[in-house]
Amino acid sequence: MSEGLRRKLERQTRHTDIICGISLLCAGTRDFEETASTLLQMVGEFLSPDRAYILRDHPEDCRYERILVWLNPAVEENARLCEEKFGYYVHYSKENLDHMSFTVEKPLVFSDVEALDEPYRSYWLDFDIKSLISVPLIVGGTLWGLLSFDRHVKAAAWEEGDVTLVQSICGIVSAAIERLNMELSLYSARETLRGVLDNVPSGIFWKDRNHVVVGCNQKYADYLQKTKEEIIGAHDTELHGEANAAKFMREDDEVMDTLTPMLAVEDKLLLPDGSEQWLSTSKIPILDKHGRADTLLCVMEVITGRKHAEIEMLRRDKELSEAKDQAERASLAKSDFLSRMSHEIRTPINAIMGMTTIALASSTPEKTRSCLMKIDKSSKQLLGIINDILDMSKIESGKMDVQMENVRLDDLLTDAANIISVRAEEKKQRLSVNVEPGAPAVFRGDKLRLSQILLNLLTNAVKFTPDGGQLRLDVRAERGERGGALMYFAVTDTGIGIDPSQQAKLFTSFEQADGGIARKYGGTGLGLAICKKLVELMGGEIGVESEPGKGSRFYFRIPAQVLSAGEAGLARAEAPDIKTPSRVDLSGRTVLLAEDVEINREIVAELLSGTGVTLCEATDGAEAVRLYSREPNKYDLILMDVNMPVMDGLEASRAIRALAAPQAKTVPIVAMTASVFREDVEQCLSAGMNGHVPKPVEVMYLLDTMCKYIAPGKRAKAADFDRQSLLPHIDIASGLAALRNNEKLYSVMLRNFLQSGLYAELMRDGAPNAAREVQARKLADVARNLSMRLLQEAADEAARAFASGKYGVECGKKLEEAYNATAQRARQYLQATGDLPQ
């Protein structure tokens, strides 16, 4: 036998031995890394490469991770070159991948890198690789990694059969990896199932035909107070005793014989210690491949607590009935508490708001005026919160009534728009009102509650709409399902919108769209809940349509009795004149004021100072009775606080009515108090009072109430002026309404307008369009606040023209005419009121 043939046979034998050894090594391995390390050493010592390694493929970022490496100890530079040139990752490109063909079952083999074409020659030389065998490891039909052997000292041809040997080894390793992956998946699935079973709230176990437990979960083991090892393999009699086990086995046999599940059967067991226990048990037969039941799956739950609770519920019926009576008593106590709180909170707020009104009308320095205006705003916000809480309490206790009256639609919408426009203009928002044809001019409804609903919806729209947004109020008449008339109101905004999942919370007391809303925008969360209650109280419905980021539309419908043309005309004719302190003359009238708080007396005196009335003051009810009894002919009307020391207003009113003087039976007594619940008003009337004025005192409401009982005298100079002559340039009525009919403040604002120089600055030659646009918008805002409609429109048009670069002669002429005419009428009004600037 030739030396070459002998050597070839020895090498083949060695190949076979290596393959057999590796097969045995991988057959039962649980440690892939240890097995693969041994494999690399065995093959490396046989093939004599410089390096051998297993690479893990990461196709998502085109790299191979070196997970194992064998370095030939005969090559001293191996370790250094392996770290410097190879590292722990090998990055490749799609072009390299096409060259290496590692995505298919095809090895990459070359004996001399110099024989390769560019750029592949340079690619391998970068790693100091001169000869290479690299065979893909395919697991589950996918490239898992590479088994590679290389030489970097010098190129050398590989022996015959070396590639085949490496391919065979790769097949063995791939199978081992796939087996390990499968075992890992099975182990994970088994552990997941065990975790599920051990964490369900019911005891689960399964038995064979001989009533021996085959398996169970932890809940069942806990129930028996045993370990799983103690339970598995045990018979029913060992676990439950003879009596209970006999019952269980009869049930088991029936279920397995009839193949009919037993579901949620409740049983009472007697435990060895003599106590009772209730169980709810389900038993389901598990069939083998022949259709016979060889296993019984059981689900058990202890329901002793539930059964005892049912007995307890019967026992507590009587207690619940008593609790109901107690709750009703608590509700009455709550109402009394809220009534007391109403007085305690409203009294200081009345002082704050009243003194603020006086200060705003005085000639104080500008800084003081600014501070007082902030105090006024804060106090009104606090009052709004209190009113919301009190309104909700009245609604829930059934003490909120609907007061039907003739409602003029124009007045309703104008009042709402005037109030809300101030807030909208602060945020540069545009408010439009759209009344569709066919809407009645006058209808029957509760004007106060309608105004409250509209203002709440409009206030929310302003609050949740960014600066520069759009607001729209739509009104129309509709026909109801039964033929009756409906009034439809809708407030639409371009605000933040509301997620559908949050919309259901909007009309719930104390709730808003989410926690972040209250932190960012504030509010009690009662407004929409009150609106819903009020709408339902009027027999209507309320709803919302919204989408996050696209704004919202809140709408409501209420039944309304539409007046005929004749009735509507009569209602308009009966509409009362707007009263202001400067228009009412009560000269020659004497009023007795009973009020224990000095600052409140000062406020009333100031509010009535322009009417000419003579005001006498008493500091408590007893003093009021003494003053009136001495001179009963002196007083035309009594303003009576209710909560006072010594003698309260109710007792004082009864005492006055009981006096012998004939005038004591008829003199008008008007309650002036922070107690505003219906029962509070009824108490005042029962005590002999004629009317009721709530605190904080609104001057116009006070004047209206007083004028019901004492006729005013002559009207003041400002009232004689024909305000209609100022239209359409200045709408004095609307301007005053926006300022709560404060004529002094309105006159101050008119004087400021004439002296501001806004128009002169706007028309200054040489100013850039951007600056003139700003001045035009300022002028428009001022005109809007003062109800100067034509000037506002002209200034808005000029601002748009400056912004677009289209300002021209015609636009300037229109603005000049509007400004001159408006300024002329402002001077006429100020001259008539005696407030013409010097």
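The preceding data block contains the structure.
Here's what I pulled together on the structure shown here.

**Examining the overall build of the protein chain**
Secondary structure assignment for the protein chain yields 31 helices and 24 strands. Per-residue burial over the protein chain gives 44% buried out of 838 residues. Contacts in the protein chain between residues far apart in sequence, at least 24 positions, make up 63% of those at least 6 positions apart. As presented, the protein chain carries roughly 43,500 Å² of accessible surface, and 53% of it is formed by carbon and sulfur atoms.

**Quick look at the sheet that holds strand β17 (residues 541–546)**
On the basis of which strands lie adjacent, the open sheet formed by five strands has the order β13-β15-β16-β18-β17 and mixed pairing. If you trace the sheet from one side to the other, it starts and ends with β13 (430–435) and β17, each paired once. Neighbour-to-neighbour, the strand axes of the sheet open up by a mean angle of 15°, direction not taken into account. The sheet contact formed by β13 and strand β15 (residues 470–479) spans six bridges and is parallel. Bridging across to β15, Asn434 finds its partner in Asp474. Lying over the sheet, helix α15 (residues 447–463) contacts β13, β15, β16 (485–493) and β18 (552–559), oriented at roughly 175° with respect to β18.

**Some thoughts on the packing of aromatic side chains**
In the structure shown here, the tally under the stated rule is ten aromatic pairs. Judged by centre distance (4.0 Å) and plane angle (20°), the rings of Phe205 and Tyr220 are stacked. Taken together, the residues span a long stretch of sequence, with Phe205 in strand β7 (residues 203–208) and Tyr220 in helix α7 (residues 218–224) at a distance of 15 residues. For the pair shown, Phe205 and Tyr220 are each scored as buried. Above the face of the Trp158 ring, Arg151 is positioned so that its terminal group lies 3.9 Å from the ring centre. Just above the ring of Trp278 sits the side chain of Lys307; from NZ or CZ to the centre is 4.9 Å.

**Topic: the packing of helix α2 (residues 32–47) against helix α6 (residues 162–199)**
Between α2 and α6, whose axes approach to 12 Å, the crossing angle comes to 175°. In terms of axis orientation, α2 runs roughly antiparallel to α6. Contacts between α2 and α6 involve Phe32, Leu39, Val43, Phe46 and Leu47 on the former and, on the latter, Asp162, Leu165, Val166, Ile169, Val173, Ile177 and Leu180. Classifying every residue of the contact of α2 with α6 by side-chain character gives eleven nonpolar, no polar and one charged.

**Here's the deal with the side chain of Thr492**
Structurally, Thr492 is set in strand β16. Here Thr492 is in contact with Gln470, Leu471, Arg472, Asp474, Ser552 and Arg553, once residues within four sequence places are set aside.

**A short note on the pairing of strand β1 (residues 51–58)**
Burial analysis of β1 places seven of its eight residues in the buried class, the great majority of the element. Alignment of β1 against strand β6 (residues 142–151), held across six bridges, turns out to be antiparallel. Each bridged residue has a counterpart across the sheet, and for Ala52 the counterpart in β6 is Phe149. One ladder, built from eight bridges, connects β1 with strand β2 (residues 63–71); its direction is antiparallel. Counted as the bridge partner of Arg51 is Leu71 from β2. In this structure, the hairpin formed by β1 and β2 is closed by a connection of four residues, where Cys62 is found at a positive phi of approximately 50°.

**Here's the deal with the pattern of salt bridges**
Where charged atoms of side chains with opposite charge meet at close range, the side chains can pair. Enumeration over the complete set of coordinates arrives at 35 salt bridges. The partner of Arg601 in a salt bridge is Glu617, with the nearest N and O atoms 3.4 Å apart. Of the two residues, Arg601 is situated in helix α20 (residues 598–607) and Glu617 in strand β21 (residues 614–618); the sequence distance between them amounts to 16 residues. Overall, Glu617 belongs to the partly exposed group, its relative accessible area being 38%. Overlapping salt bridges, with partners in common, bring together Lys207, Asp236, Lys247, Glu251, Asp252, Asp267 and Lys283 in one network.

**Things to note about the packing of helix α29 (residues 769–785) against helix α30 (residues 789–804)**
At their nearest, the axes of α29 and α30 sit 8 Å apart, and the two run at 160° to each other. Relative to α30, the element α29 is oriented roughly antiparallel. Considering only the axes of α29 and α30, their crossing is left-handed. When α29 is examined against α30, the residues Asn769, Arg772, Glu773, Ala776, Arg777, Leu779, Ala780, Ala783 and Arg784 are found in contact with a partner set consisting of Leu791, Gln792, Ala795, Asp796, Ala798, Ala799, Phe802 and Ala803. Split by residue class, the contact of α29 with α30 holds ten nonpolar, two polar and five charged.

**Observations concerning the side chain of Asp236**
Residue position: Asp236 is located in helix α9 (residues 236–240). A distance of 2.9 Å separates a polar atom in the side chain of Asp236 from a polar atom in the side chain of Lys207. With sequence-adjacent residues up to four places away left out, Asp236 is seen in contact with Lys207, His211, Gly241, Ala245, Phe248, Met249 and Asp252.

**Side note on the nonpolar core**
Ranked by internal contacts, the top residues of the largest apolar core, which has 36 residues, are Phe443, Phe489 and Phe556. Listed by contribution, the elements that provide at least two residues to this core are α14 (409–426), α15, β15, β16, α18 (527–537), β17 and β18. It is α15 that contributes the most residues to this core, seven residues altogether. Not counting chain neighbours up to four residues away, the residues in contact with Phe489 comprise Leu409, Leu412, Leu413, Phe443, Leu454, Asp474, Val475, Phe554, Tyr555 and Phe556. By size, the runner-up hydrophobic cluster in this structure holds 32 residues, among which are Leu726, Leu750, Ala798 and Tyr829.

**Let's talk about the sheet that holds strand β24 (residues 691–694)**
Spatial strand order, β21-β20-β22-β23-β24: five strands in an open sheet with parallel pairing. Each having just a single partner strand, β21 and β24 make up the two edges of the open sheet. This sheet shows a mean twist of 20° between the axes of neighbouring strands, independent of strand direction. Two elements, strand β22 (residues 637–640) and strand β23 (residues 669–673), share three bridges in a ladder whose sense is parallel. Note that in β23 the partner of Ile638 across the bridge is Ile669. Relative to the sheet, helix α22 (residues 649–657) contacts β22 and β23, its axis offset from that of β22 by approximately 155°. The sheet contacts of helix α24 (residues 699–709) involve β20 (590–594), β22, β23 and β24, and relative to β24 the element is tilted by about 165°.

**Describing helix α10 (residues 242–258)**
Taking 1.5 Å per residue, 17 residues should reach 24 Å; α10 reaches 24 Å between its end C-alpha atoms and fits that length. Within the span of α10, buried status applies to Asn244, Ala245, Phe248, Met249, Glu251, Asp252, Val255 and Met256. One side of α10 holds all its buried residues, which, seen down the axis, span an arc of 165°. Facing away from the buried side of α10, by more than 90 degrees, are the exposed residues Glu242, Ala243, Arg250, Glu254 and Asp257. Of the surrounding secondary structure, the elements contacted by the buried residues of α10 are β7, α9, β9 (262–270), β10 (276–287) and β11 (293–302). After α10 finishes, the residue Leu259 shows a positive phi value of roughly 60°.

Cut-off values and rules
Residues numbered from 1 in each chain as written. Predicted model: local features only at pLDDT ≥ 70, side-chain atom pairs only at ≥ 80, totals over all residues. Heavy atoms only, no water. Helix = DSSP H or I, 4+ residues; strand = E, 2+ residues; numbered from the N terminus. Buried < 20%, exposed > 50% of the residue type's maximum accessible area, 1.4 Å probe, protein only. Contact = heavy atoms within 4.5 Å. Areas by Shrake-Rupley, 256 points an atom, 1.4 Å probe, with all protein chains shown as cover. Pairing = 2+ DSSP bridges. Axes fitted to C-alpha atoms, helices over the stretch in contact; angles between N-to-C directions. Phe/Tyr/Trp six-rings, centres within 6.5 Å; stacked < 30°, edge-to-face > 60°. Lys NZ or Arg CZ within 6 Å of the ring centre and 35° of its normal. Parallel < 35°, antiparallel > 145°, perpendicular 65-115°, else oblique. Nonpolar A, V, L, I, M, F, W, Y, C, P; charged D, E, K, R; others polar. Salt bridge = Lys/Arg side-chain N within 4 Å of Asp/Glu carboxyl O. Left-handed = near helix turned anticlockwise from the far one by under 90°. Polar contact = N/O pair within 3.5 Å; in protein donor to acceptor, adjacent residues only side chain to side chain. Core = buried A, V, L, I, M, F, W, Y, C linked by side-chain atoms within 4.5 Å. Expected span 1.5 Å × (residues − 1). Arc of directions from axis to C-beta.

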